[in-house]
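Listed below, chain by chain, are the residues.
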Number of protein chains: 2
Amino acid sequence: MFVILVYDVEEKRVAKVLKKCREYLTWVQNSVFEGDITEANLKKLQMELNRIIKKEADSVIIYKFNSLKYSSREVMGLDKNPQNSII
Amino acid sequence: MFVILVYDVEEKRVAKVLKKCREYLTWVQNSVFEGDITEANLKKLQMELNRIIKKEADSVIIYKFNSLKYSSREVMGLDKNPQNSII
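Residues numbered from 1 in each chain as written. Chains lettered and ligands numbered in written order. Predicted model: local features only at pLDDT ≥ 70, side-chain atom pairs only at ≥ 80, totals over all residues. Heavy atoms only, no water.

Looking at an unreviewed UniProt entry, one finds chain A named CRISPR-associated endoribonuclease Cas2 and attributed to Caloramator proteoclasticus DSM 10124. The record in UniProt for chain A states the following under Cofactor (unreviewed entry): "Mg(2+)". The Subunit (unreviewed entry) comment attached to chain A in UniProt states, word for word, "Homodimer, forms a heterotetramer with a Cas1 homodimer." (UniProt positions renumbered as here; feature names shortened; annotations may be inferred.)

Asker: If you had to explain helix H2 (residues 39-52) of chain A to someone new, which residues and values would you point to?
Answerer: Under the 1.5 Å per step criterion, the end-to-end length of H2 of chain A is 20 Å for 14 residues, consistent within 8% with the ideal 20 Å. Restricting attention to buried positions, one finds in H2 of chain A the residues Leu42, Leu45, Gln46, Glu48, Leu49 and Ile52 of chain A. All buried residues of H2 of chain A project into a common sector of 165° when viewed along the axis, lining one side. For H2 of chain A, the exposed residues set more than 90 degrees away from the buried face come down to Ala40, Lys43 and Arg51 of chain A. Buried residues along H2 of chain A sit against strand E1 (2-8), helix H1 (11-24) and strand E4 (59-65) of chain A together with strand E5 (71-77) of chain B. (Helix = DSSP H or I, 4+ residues; strand = E, 2+ residues; numbered from the N terminus. Expected span 1.5 Å × (residues − 1). Buried < 20%, exposed > 50% of the residue type's maximum accessible area, 1.4 Å probe, protein only. Arc of directions from axis to C-beta. Contact = heavy atoms within 4.5 Å.)

Have a look at this one:
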């Protein structure tokens, strides 16, 4: 499955969230990751993120797509990680 | 069509980009917008953003999805804009 993960967490937890997401997904920009991931690995990632974030202050949104058949991705300006574009 | 727009722009241009995106899409979190938008309005938004951003420093990524049939959206922690969830 393809996911886009965006996070908005307090500064002191950014490094940990970033490191954890990098283990499973591809960094795209600022606080955005994307990538192909199995259901099992996504559950693992979510469990691990749950241990890092403070639910009353932080936010992580995961968009899941089973099919990318009709999707596209457009970059305006800098592509901060051109090597790793998946779509 | 449904889009997810994420931006990473220099601080002095954040307010302008934010304001412009708000005219067309729904603010989700930090530097993330989502929403249903027509092809024509998306083109308009992109033209207007092109006038605001500096291509050598800023980045805007637009994920476009024609179908949301197999998608879902999961929020961990705070839903910073729970009223306006579209998926």
